[in-house]
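The residues making up each chain are set out below.
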Amino acid sequence: MSLSLGRTCWAAFIYVLLVSHICNGFYLPGSYMHTYSTGQEIFAKVNSLTSIETELPFSYYSLPYCQPHGGVKKSAENLGELLMGDQIDNSPYRFRMNINESVYLCTTKPLSENEVKLLKQRTRDLYQVNMILDNLPAMRFATQNGVKIQWTGFPVGYTPQSLEDDYIINHLKFKVFVHEYEGTGVEIIGTGEEGMGVISEADMKKASGYEIVGFEVLPCSVKYDPETMAKLHIYDNVTSVNCPLEVDKSQIISQQERVSFTYEVEFVKSDIKWPSRWDAYLKMEGARVHWFSILNSLMVIFFLAGIVFVIFLRTVRRDLTKYEDLDKEAQAQMNEELSGWKLVVGDVFREPKFSKLLCVMIGDGVQITGMAIVTIVFAAFGFMSPASRGMLLTGMIILYLFLGTGAGYAGVRLWCTVKGTSEGWRSVSWSVACFFPGIAFVILTALNFILWGSKSTGAIPIYLYFILLSLWFCISVPLTLLGGYLGTRAEPIKYPVRTNQIPREIPASKYPSWLLVLGAGTLPFGTLFIELFFILSSIWLGRFYYVFGFLLVVLLLLVTVCAEVSVVLTYMHLCIEDWQWWWKSFYASGSVALYVFLYSINYLVFDLQSLSGPVSAILYLGYSLLIAIAIMLSTGTIGFLTSFYFVHYLFSSVKID
């Protein structure tokens, strides 16, 4: 059966290679390609207002902006978008392919006191308007200290340094870059908001037209005469404006003011092809520093881990070789003079304290580790593009749900091994299914009450709670119970030595063992702290993160170092006759989570100085705590499982009566 399965897998692999070879081109990141004919109308969409100061997203139409004919309609959103607080709506901003124009949108009613207060607050909190055209976010360029900086979105308003007044952005100059497409026979697979799709040869011939490959915006504030502008109709032509304007010609935010909104569109032909249109967004800042830091970190960690591993192998092999070279009489005499790890042979597999909790945490750790590895591998191969908003988070949730089988299997099999019986496996399976999701549910619910109180779009709607609970209890729990049942059917791991009835006394050590355990977490932390900086920047500063190739390398390195550190620490504890290695091996590598959380606090204080207000800080710390717990379960599981198989191998390699 295994032979036929292997042949089937190889046949499928060869088929994929042949199919990919036939294709003239292959592209994953991005949405399904659209081509437009000259004069064809395209309407932009608007996402939630966001700010790096508050991290509380709000609906675009919570401010007095022009609304589209037919009312506001929400775009279809996936699970990840909803959890991230995205709320994509239609807008009145109309573009006609290859037609440059300057048009009028609307004039508001006199601003009320509440509207003025809200506009001023959003302006002072540096809120950005996020506009989308053909699935491309609007890009803005600004100059700070002589350096050109790239941003996505444009501000709600601005406050001049020398003045206390606030001014609203009511005129936008769009520059749309287009590329003429004539159907070149390139097969393109899209993973965008429209879903997966392949453009065939027949479709390509019909798809001739213009592709949108760039979307830039230059925002400015213009003071219009409201009486004159109110006579105009939507999309009437207006005079072009040269931005930026002087303060006295800008639109102030004050009570009873009527704000007129206008915009200009310029189409520019570009040599950029559609598959490369996201390149401008995915450029990481400080690329050289990123490369140098990551490679330097990898070399240092590999060097240190290599030295530790070589010393460790030589020490263990020397002990085993020295023992096995003796004859039986010498071995008997040596058994009476044993020291170090050989003395704890009758206690090394003694059941640890809180064994059920350990089994539950190992099961959840297997589930989280599997989810992380599969997600990052798929992302590294381009299956989770930033053009597919929310796809990464949606994929992680789906993977986590279906990996419940592995979690239940690992937790219950360890339980059967520790207890020697499968009795109580249902309780263990239920605990595995509810432990980490329960912690996440409590933290997210507490944070959600804060978001509800702030009326933010980042708050999870009630119906989404029921969806998540349904997924949890209808998919994850049954699969975890199935995995637990399979764990009872698997043969328990047999210990190579017997356990004494009376536990051996552990000698007093000069230094507390927990100090060594906490210190062990510094080495795994050294592998990921640089990448952690870029990930935190992408999450909290609104930057795109797409160097999943780096992240995959760092993940593999982290797994290796966690395993080595835990094994070395376990061996050190056994050498000082400390047979209580179970929890210590878990926290030796799991303690990296403590450093991750402390680094998150450091990032909040020193790098995220723009974040203001206790609400934003509580949200940041809440999400950081959840991430740290997940990292602890994952890295702790890696360390424990490696140490368990090491101890099993060590004591099965030599016979001691």
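Residues numbered from 1 in each chain as written. Predicted model: local features only at pLDDT ≥ 70, side-chain atom pairs only at ≥ 80, totals over all residues. Heavy atoms only, no water.

- An unreviewed UniProt entry annotates the protein chain as Transmembrane 9 superfamily member of Apium graveolens.
- The Sequence similarities (unreviewed entry) comment attached to the protein chain in UniProt states, word for word, "Belongs to the nonaspanin (TM9SF) (TC 9.A.2) family." (UniProt positions renumbered as here; feature names shortened; annotations may be inferred.)

## Quick notes on the state of the cysteines
Here is step 1 of the chain: Evaluation of the coordinates by the stated rule reveals two disulfides.
Here is step 2 of the chain: One disulfide bridge connects C66 with C106, the sulfur atoms lying 1.8 Å from each other. The disulfide joining C66 to C106 has a torsion of about -85 degrees about its S-S bond and is therefore left-handed. Placement of C66 in the loop between β1 (41-46) and α2 (79-84) and of C106 in strand β3 (residues 101-107) is noted, with a sequence separation of 40 residues between them. As far as burial versus exposure is concerned, C66 and C106 are alike and both buried.
Here is step 3 of the chain: In this model, C220 is linked to C243 through a disulfide, with the two sulfur atoms separated by 2.0 Å. Of this pair, C220 sits in strand β15 (residues 209-220) while C243 sits in the loop between α5 (226-229) and β16 (260-269); the two residues are 23 residues apart in sequence, bridging distant segments of the chain. As far as burial versus exposure is concerned, C220 and C243 are alike and both buried.
Here is step 4 of the chain: With its bonded cysteines labelled in order along the sequence, the protein chain shows the pairing 1-2, 3-4. (Disulfide = S-S within 2.5 Å. Helix = DSSP H or I, 4+ residues; strand = E, 2+ residues; numbered from the N terminus. Buried < 20%, exposed > 50% of the residue type's maximum accessible area, 1.4 Å probe, protein only.)

## Focus: the packing of aromatic side chains
Here is step 1 of the chain: This model, assessed by the stated rule, comprises 34 aromatic pairs.
Here is step 2 of the chain: Judged by centre distance (4.8 Å) and plane angle (85 degrees), the rings of Y60 and Y61 are edge-to-face. The two residues Y60 and Y61 agree in class, both being buried.
Here is step 3 of the chain: Taking 6.2 Å as the distance between ring centres and 40 degrees as the angle between the ring planes, the aromatic pair formed by W452 and Y465 counts as tilted. (Phe/Tyr/Trp six-rings, centres within 6.5 Å; stacked < 30°, edge-to-face > 60°.)

## Description of the side chain of D364
Here is step 1 of the chain: Counting through the fold element by element, D364 comes out in helix α8 (residues 355-380).
Here is step 2 of the chain: Salt bridges are absent for the buried D364, whose nearest opposite-charge side chain, K356, sits at 12 Å.
Here is step 3 of the chain: Of the polar contacts made by the side chain of D364, one reaches the backbone nitrogen of F436; its length is 3.3 Å.
Here is step 4 of the chain: Not counting residues within four places of it along the chain, the set of residues in contact with D364 comprises Y400, V432, F435, F436 and L633. (Lys, Arg positive; Asp, Glu negative; His and termini not counted. Salt bridge = Lys/Arg side-chain N within 4 Å of Asp/Glu carboxyl O. Polar contact = N/O pair within 3.5 Å; in protein donor to acceptor, adjacent residues only side chain to side chain. Contact = heavy atoms within 4.5 Å.)

## Regarding the pattern of salt bridges
Here is step 1 of the chain: Counting across every chain of the model gives 12 salt bridges.
Here is step 2 of the chain: A salt bridge links E257 to K223, with the nearest nitrogen and oxygen atoms 2.9 Å apart. Of this pair, E257 sits in the loop between α5 and β16 while K223 sits in the loop between β15 and α5, and the two are 34 residues apart along the sequence.
Here is step 3 of the chain: In this structure E257 comes out as buried when scored by relative accessible area, which is 19%.

## Points about the confidence of the model for the protein chain
Here is step 1 of the chain: On average, residues of the protein chain score 81 in pLDDT, and 81% of them reach the 70 mark or higher.
Here is step 2 of the chain: Within the model, pLDDT remains below 50 along residues 1-31, and this stretch shows 36 contacts once partners closer than five positions in the same chain are excluded.
Here is step 3 of the chain: Every residue in residues 334-338 is under pLDDT 50, and counting partners more than four places away or in other chains gives seven contacts. (pLDDT = per-residue confidence, 0-100.)

## Description of the packing of helix α10 (residues 404-419) against helix α12 (residues 462-489)
Here is step 1 of the chain: For the pair α10 and α12, interaxial distance at closest approach is 6 Å and the crossing angle is 40 degrees. Crossing of α10 over α12 shows right-handed handedness. Contacts between α10 and α12 pair G404, T405, G408, Y409, V412, R413 and C416 from the former with L479, T480, G483, G484, L486, G487 and T488 from the latter.
Here is step 2 of the chain: Here the contact of α10 with α12 is built from residues that sort into five nonpolar, eight polar and one charged. (Axes fitted to C-alpha atoms, helices over the stretch in contact; angles between N-to-C directions. Left-handed = near helix turned anticlockwise from the far one by under 90°. Nonpolar A, V, L, I, M, F, W, Y, C, P; charged D, E, K, R; others polar.)

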